[in-house]
Amino acid sequence: MLTPPVKSGPRYNEFIQSEKVRVIDEEGENLGVMYTREAIAQAAEVGLDLVEVSPNADPPVCKFLDVGKYKYEAQKKANLARKSQKTQEIKEIKMRPNIDDHDYMTKMKKIVEFIGEGDKVKVTLRFRGRELSHQQLGMALLQRVAEDMVETAKVEAYPRMEGRQMLMVLAPK
């Protein structure tokens, strides 16, 4: 007679396992604690289902609702929450240690734009040939980037060497 409980969504009607439940009708009026069978009968008279809205309460709270509509609204709410959440990406800006001033300003504009969008920025400095023996120039350049971004971003990973590259990560404040 009893079928296994519903896998997705709230329990309703004959799937409610507790003997007594606190009942709220379709207008939001509290009808008090009653037997589950009585509550299901009253909900059927109104043409609705008895839906368990708070199963962890003692006794569980049930409401007169249309199950299909309730599940649809819950799914819509979940989709909206998923759509509105922003994932933080890591954007990469590549430079060379002997970068010219105008090129530097162009790269800085992009860094400001990325930080403004709420993304992290990985600044990569690539050394080629003899530049590798002048790592202090690269360190000075990354320090300059950090100083220029001090109001809008914080340094999440300080400059470090990885092979022929020097890396630094900036994150929005």
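Residues numbered from 1 in each chain as written. Predicted model: local features only at pLDDT ≥ 70, side-chain atom pairs only at ≥ 80, totals over all residues. Heavy atoms only, no water.

**Let's talk about the overall build of the protein chain**
Move 1: Across its full length, the protein chain carries 4 helices and 8 strands.
Move 2: Mapped from its N terminus to its C terminus, the protein chain presents α and β elements in the order β-β-α-β-β-α-β-α-β-α-β-β.
Move 3: Taken against the 2.2 N^0.38 rule, which gives 16 Å for 173 residues, the C-alpha radius of gyration of the protein chain at 30 Å runs more than 25% over that of a compact globule.
Move 4: When its C-alpha atoms are laid out on the principal axes, the protein chain stretches across 85 × 30 × 25 Å. (Helix = DSSP H or I, 4+ residues; strand = E, 2+ residues; numbered from the N terminus. Rg over C-alpha atoms; globule rule 2.2 N^0.38 Å.)

**What about the UniProt feature "domain: Translation initiation factor 3 C-terminal" (unreviewed entry) in the protein chain?**
Move 1: The feature "domain: Translation initiation factor 3 C-terminal" (unreviewed entry), as annotated in UniProt, sits at residues 89-173 in this numbering.
Move 2: Measuring from the first to the last C-alpha atom of residues 89-173 gives 15 Å, for a span that is 35% helix and 36% strand. (UniProt positions renumbered as here; feature names shortened; annotations may be inferred.)

**Quick look at the nonpolar core**
Move 1: Core analysis: the biggest nonpolar cluster contains 21 residues, and Met95, Ile111, Val123, Val145 and Leu170 have the highest contact counts within it.
Move 2: The set of elements that each furnish at least two residues to this core consists of strand E5 (90-95), helix H3 (101-116), strand E6 (120-126), helix H4 (135-148) and strand E8 (165-172).
Move 3: Apart from the residues within four sequence positions on either side, Ile111 is in contact with Ile93, Met95, Val121, Val123, Val145, Met149 and Leu170.
Move 4: Listed in part, the 9 residues of the second largest apolar core include Ala39, Leu50, Cys62 and Phe64. (Core = buried A, V, L, I, M, F, W, Y, C linked by side-chain atoms within 4.5 Å. Buried < 20%, exposed > 50% of the residue type's maximum accessible area, 1.4 Å probe, protein only. Contact = heavy atoms within 4.5 Å.)

**Focus on the sheet that holds E5**
Move 1: Strand order in the open sheet made by the 4 strands is E5-E6-E8-E7, with mixed pairing throughout. With one partner strand each, in any of the chains shown, E5 and strand E7 (153-162) form the two edges of the open sheet. This sheet shows a mean twist of 20 degrees between the axes of neighbouring strands, independent of strand direction.
Move 2: When E5 meets E6, the two strands line up parallel, connected through 6 bridges. Bridged to Ile90 within E6 is Lys120.
Move 3: Against the sheet, H3 contacts E5, E6, E7 and E8, and its axis sits at roughly 175 degrees relative to E5. (Pairing = 2+ DSSP bridges. Axes fitted to C-alpha atoms, helices over the stretch in contact; angles between N-to-C directions.)

**Brief notes about the sheet that holds strand E1 (residues 20-24)**
The strands that make up a sheet are held in pairs by hydrogen bonds between backbone atoms, and each pair lies either parallel or antiparallel.
Move 1: Taking strand neighbours across the sheet as the criterion, the 4 strands line up as E2-E1-E4-E3 in an open arrangement whose pairing is mixed. Of all the strands in the sheet, the pair left with one neighbour each is strand E2 (30-35) and strand E3 (49-54). Ignoring strand direction, the axes of neighbouring strands in this sheet form an average angle of 35 degrees.
Move 2: Note that E1 and E2 share 5 bridges and pair antiparallel. When the sheet's bridge partners are listed, Val23 is paired in E2 with Gly32.
Move 3: Its contacts with the sheet place helix H1 (residues 36-46) against E1, E2, E3 and strand E4 (61-65), and it is angled at close to 130 degrees to E2.
Move 4: Strands in contact with helix H2 (residues 67-84) are E3 and E4; relative to E3, the strand with the most contacts, it is inclined by about 35 degrees.

**Some remarks on the UniProt feature "domain: Translation initiation factor 3 N-terminal" (unreviewed entry) in the protein chain**
Move 1: UniProt records the feature "domain: Translation initiation factor 3 N-terminal" (unreviewed entry) at residues 13-79, using the numbering of this structure.
Move 2: This span, residues 13-79, is 36% helix and 33% strand, and a straight line between its end C-alpha atoms measures 26 Å.

**What to know about the pairing of E3**
Move 1: Bridging between E3 and E4 involves 5 bridges; their strand directions are antiparallel. Considered in E4, the bridge of Asp49 is made with Leu65.
Move 2: Between E3 and E4, which follow one another and run antiparallel, lie 6 residues.

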